[in-house]
Amino acid sequence: MTFLAPAPAFADWLRAETDNFVVIGDTSESRISTVANRLELYRKVLHRFNNVKERENNSKLHIYIVKSNDDIKKISPRMGKNIAGVFFNNKYETVALSTMIEDEFNDYFSVIAHEYYHYFMYSETPGYYPPWVSEGLAEYFSEIKFTKSTIDFGLLSKSRGYSIINSKNMPIGKLIDKNIKDRGNEFYAQSWLLTHYFMSDDVRKKQFYKYIALVQEGKNSIEAMEVATGEPLENLQKNYEKYKSARLVAWRLQRGNNYPDTNVTLTKLDNKTGKLYVDTVIYNLYESRNIDWKDGTYATLLEEAKARARPLQNTKLAKQLLISYMILEDRYDEADAALAAALKEDPDNLDLLHMQADILMTKAQEAQDNEQENQFLAQARLVYGKITKIDPNNGKAFIRYLEAIRNTPNFTSENSENVAWLALELLPHSDYVRKIFSVILSQRGKYDDAIYAVTPLASGGHDDRGAYAAAKAIEHLKQKKPLSLRDWYRFETERPKAEDHDTQARLNPALDAPTFTKSSHLLH
């Protein structure tokens, strides 16, 4: 999503922690506290409005606040120049980066709120959602404002409103098609407005959720919509057109005792190493997504990251980063020696232990024969066992343990199924956990459970290829055929990659459009 004005620079790096979030950033105490508090309030709104009971969260979401888009591009250099917020959802964790930029057209919090809604949906209400519903709800709930006494949500989205008024709208029948390919600004704008139409009225809201239930039962999207509304699709099209010029209705919650401010623990971070905190994302992103660091663009990024860490190599964080870069570059002997020295000083450091196990897993993958592969995997399992003793809620260790027993009969055991369930509880947002879980379940003959585990992936979100692979996997499972990780790889690679487009781009009024004003058709 795009923002325009430059963010202010501050002297200190700070860490703000709440029950469910860790926010790290180069910003002021008041701003970082505000972000952390709003996140907790937003989470509470989502749970209560969606009638989902809040539960203890064993895996806190980490959000990094950076000065500008340039800092985001240090992590992912191919991001568009106007992207000011992004969630990196890798195999084992989700992290978010956001700038703190606001203007007349955008609110920085809506960037985080949109993506967090997807995170919430995966974690708390997993299931299949048509693309327009998934994105429409994320857009709907991300337009939210907080005051000391109230919380308003379902507000006007100025950027989406501009797209509605000034772009050619696609027919509703095309918009709600689960196989829709055109997911640019118009798709997001129309998904937002159609969702707003349903959510603004109690009767229509019931129709909306009935439609979702019918689609999840397997009905065609258009048929489900007509059954849910009790009218032909043409009538919905007419009502949608009328709604473009309607006065939008938002929800207002009185905070009172139901939505109190949360306790935020602030920690001032060492300024010398503060700028390296964002770089910690690089290793996890490269390692989990198998990004080729030798690729020119990423090679440059890695060299720049190494240059930032070297002057601070005597600090704990810089040491860990430099070891992780050795691993990325396959310099295993150097990494092993550095890890041995670091673990001697800090034997229970989870990051170091994970890196030690990562080396063993990579060596197993590159082994010349089965005997050597199994030796490395056995050593890795011991490390993952140590990690889970130190931290019983370490989701990455559980899923990596399952990878490390893939060549043994235990992979399809009841214990592996239980470990996979636990990993899914800890990492409900991870596509990879659902994939490996579906493999174990299907090989144990539990095809319906495997389909249930995979179904949320078919919603797609921003990942068309992943949705296609999930649909193929479900088709495979319905035929009572066991899945393998190789099947998943085949499903993901056989579909041609869709054209890249900035699905999260917010219009930049200074570059793309005149200011959207209250005199336009969509009003507060």
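If you're wondering where the values come from, they're calculated on a predicted model, not measured in any experiment.

K.L.:
Describe in detail the overall build of the protein chain, supporting the description with residues and values.
P.N.:
Scanning the protein chain for helices and strands turns up 24 helices and nine strands. Looking at the 524 residues of the protein chain, the share that counts as buried comes to 55%. Put simply, of all contacts in the protein chain between residues at least 6 apart along the chain, 68% involve residues at least 24 apart. A total accessible area of about 23,400 Å² is found for the protein chain, and carbon and sulfur atoms account for 48% of it.

K.L.:
Explain the sheet that holds strand 6 (residues 144-146) to me, using residue names and the numbers behind them.
P.N.:
Spatially, 6-7-8 is the arrangement adopted by the three strands of the open sheet, whose pairing is antiparallel. Both outer strands of the open sheet, strand 6 and strand 8 (251-254), are each paired with one neighbouring strand and no more. Neighbouring strand axes in the sheet, compared pairwise and without regard to direction, differ in orientation by 15 degrees on average. Here four bridges tie strand 7 (residues 150-153) to strand 8, and the two strands are oriented antiparallel to one another. Paired with T150 across the two strands is Q254, which belongs to strand 8.

K.L.:
Provide a residue-level description of the packing of aromatic side chains, including the pertinent values.
P.N.:
Summed over the entire model, instances satisfying the criterion amount to 22 aromatic pairs. Ring centres 6.1 Å apart and planes at 55 degrees place the aromatic pair Y42 and Y116 in the tilted group. Linking Y42 in helix 1 (residues 29-49) with Y116 in helix 3 (residues 108-124), this pair joins segments that are 74 residues apart in sequence. Members of the aromatic cluster, each reached through a chain of ring pairs, are F49, Y117, F120, Y140, F141, F153 and W251. The ring of Y197 has R204 sitting right over it, with the charged end atom 4.1 Å from the ring centre.

K.L.:
Give a description of the nonpolar core that names residues and reports values.
P.N.:
Counting residues in hydrophobic clusters, the biggest one holds 105 residues, and the most contacted among them are Y42, W132, F141, L194 and Y211. Ranked by the residues each element gives to this core, the list is headed by helix 3, at 10 residues. The residues touching F141, leaving out its near neighbours within four places in the chain, are Y42, L46, F49, N50, Y117, F153 and M199. Core analysis: the second largest hydrophobic core is formed by 24 residues, Y332, L360, V383 and I387 among them.

K.L.:
An account of the pattern of salt bridges is requested, with residue identities and associated values reported.
P.N.:
Per the counting criterion, the structure on display carries 26 salt bridges. With a closest N to O distance of 2.7 Å, E17 and K60 form a salt bridge. One end of the pair, E17, is in strand 1 (residues 13-17); the other, K60, is in the loop between helix 1 and strand 3 (61-66), with 43 residues separating them in the sequence. For K60, a relative accessible area of 28% corresponds to the partly exposed category. Among the ionic contacts, a cluster of salt bridges with common partners joins E303, K306, E329, R331 and E334.

K.L.:
Which residues make up the environment of F398, and what values go with them?
P.N.:
Note that F398 resides in helix 18 (residues 395-404). Residues F398 and L424, 26 residues apart in the sequence, show an inter-C-alpha distance of 9.6 Å. Discounting residues that sit within four places of it in the chain, F398 has contacts with T388, P392, V419, L422, A423 and L426.

K.L.:
Give me the environment of N90: which residues, what numbers.
P.N.:
Position of N90 among the secondary structure elements: in the loop between strand 4 (85-89) and strand 5 (94-99). Distance in space between the C-alpha atoms of N90 and H429 is 9.3 Å, their sequence separation being 339 residues.

What counts and what doesn't
Residues numbered from 1 in each chain as written. Predicted model: local features only at pLDDT ≥ 70, side-chain atom pairs only at ≥ 80, totals over all residues. Heavy atoms only, no water. Helix = DSSP H or I, 4+ residues; strand = E, 2+ residues; numbered from the N terminus. Buried < 20%, exposed > 50% of the residue type's maximum accessible area, 1.4 Å probe, protein only. Contact = heavy atoms within 4.5 Å. Areas by Shrake-Rupley, 256 points an atom, 1.4 Å probe, with all protein chains shown as cover. Pairing = 2+ DSSP bridges. Axes fitted to C-alpha atoms, helices over the stretch in contact; angles between N-to-C directions. Phe/Tyr/Trp six-rings, centres within 6.5 Å; stacked < 30°, edge-to-face > 60°. Lys NZ or Arg CZ within 6 Å of the ring centre and 35° of its normal. Core = buried A, V, L, I, M, F, W, Y, C linked by side-chain atoms within 4.5 Å. Salt bridge = Lys/Arg side-chain N within 4 Å of Asp/Glu carboxyl O.

Purely spatial values, then, with no claim about function.
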